[in-house]
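One letter stands for each residue in the lines below.
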Amino acid sequence: METRFFMEKANPKGYTAMLGLEKYLMSTSIDKKLRELIKIRASQINGCAFCIDMHTKDARKIGETEQRIYALNAWRETPFFTPEERTVLALTEAITLVTEGHVADDVYNEVRRYFDETKTSEIIMAIVTINAWNRIAIATRKIPLSYIEIT
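Residues numbered from 1 in each chain as written. Predicted model: local features only at pLDDT ≥ 70, side-chain atom pairs only at ≥ 80, totals over all residues. Heavy atoms only, no water.

Things to note about the overall build of the protein
Counting its secondary structure elements, the protein contains eight helices and zero strands. By its C-alpha atoms, the protein is 45 × 30 × 30 Å across when sized along the principal axes. Buried positions account for 42% of the 151 residues belonging to the protein. Of the contacts formed within the protein by residues at least 6 apart in sequence, a portion of 71% connects residues at least 24 apart. Taken as a whole, the protein presents about 8,500 Å² of accessible surface, with 56% of it coming from carbon and sulfur. Where the 21 positive side-chain charges of the protein centre and where its 21 negative ones centre are 6 Å apart. (Helix = DSSP H or I, 4+ residues; strand = E, 2+ residues; numbered from the N terminus. Buried < 20%, exposed > 50% of the residue type's maximum accessible area, 1.4 Å probe, protein only. Contact = heavy atoms within 4.5 Å. Areas by Shrake-Rupley, 256 points an atom, 1.4 Å probe, with all protein chains shown as cover. Lys, Arg positive; Asp, Glu negative; His and termini not counted. Charge placed at Lys NZ, Arg CZ, Asp CG, Glu CD.)

In structure tokens, the structure reads:
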């Protein structure tokens, strides 16, 4: 498999706009580990090898455990995640799989039990952004080799 093309070279303005979203997310109140769990889970669902590789590495760098990373695709069957993390993972799945039933009221209402409107909006932006990155990486067949860290 080969990368079809590099979006950052073919469309630098569009790519820079995406990087702007990523930089915005780094300024939000979302916990860094939770942000990486969102990115990994959406990437697992979408089958984005590049993003799974990137975000599991990023998660490890900030202290996420191997056990939680390995169990993430079976989070409902493990005791490793907090109630707050579980609600965010459920929302991540609902938004990523939006064509399978939209975001149900019970999923949204559970998120709102733990997070105010501002934090909920930040979480939604994180989920939407990783889904966009997944689609870029999948469409261009971005190969998991290395990447540029955003600081």
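Here's the deal with a nonpolar patch on the surface
A surface patch of nonpolar side chains, about 200 Å² in accessible area, is lined by Val-98, Val-103 and Tyr-108. Relative to the elements of secondary structure, Val-103 occurs in the loop between α6 (83-96) and α7 (105-114). (Patch = residues over 30% accessible without salt bridge, like charges linked within 9 Å, V, L, I, M, F, W, Y side chains within 5 Å. Salt bridge = Lys/Arg side-chain N within 4 Å of Asp/Glu carboxyl O.)

Looking at helix α4 (residues 49-61)
Counted at 1.5 Å a residue, the expected span for α4 with its 13 residues is 18 Å, and the 18 Å between its end C-alpha atoms agrees. Listed in full, the buried residues belonging to α4 are Phe-50, Cys-51, Met-54, His-55, Thr-56, Asp-58 and Ala-59. Tucked into the core, α4 has its buried residues touching α3 (32-46), α5 (66-71) and α8 (117-140). (Expected span 1.5 Å × (residues − 1).)

Points about the UniProt feature "domain: Carboxymuconolactone decarboxylase-like" (unreviewed entry) in the protein
As recorded in UniProt, the feature "domain: Carboxymuconolactone decarboxylase-like" (unreviewed entry) lies at residues 13-93. In the segment residues 13-93, helix accounts for 73% and strand for 0%; the C-alpha atoms at its two ends are 29 Å apart. (UniProt positions renumbered as here; feature names shortened; annotations may be inferred.)

As for the packing of α6 against α8
The geometry of α6 relative to α8 is characterised by a closest axis approach of 10 Å and an angle of 45 degrees between their N-to-C directions. In terms of orientation, α6 lies oblique with respect to α8. Taken as a pair, α6 and α8 cross one another with a handedness that is right-handed. Residues Val-88, Leu-91, Thr-92, Ile-95 and Thr-96 of α6 pack against Ile-123, Ile-124, Ile-127, Val-128, Asn-131 and Arg-135 of α8. The residue makeup of the contact of α6 with α8, split by class, is seven nonpolar, three polar and one charged. (Axes fitted to C-alpha atoms, helices over the stretch in contact; angles between N-to-C directions. Parallel < 35°, antiparallel > 145°, perpendicular 65-115°, else oblique. Left-handed = near helix turned anticlockwise from the far one by under 90°. Nonpolar A, V, L, I, M, F, W, Y, C, P; charged D, E, K, R; others polar.)

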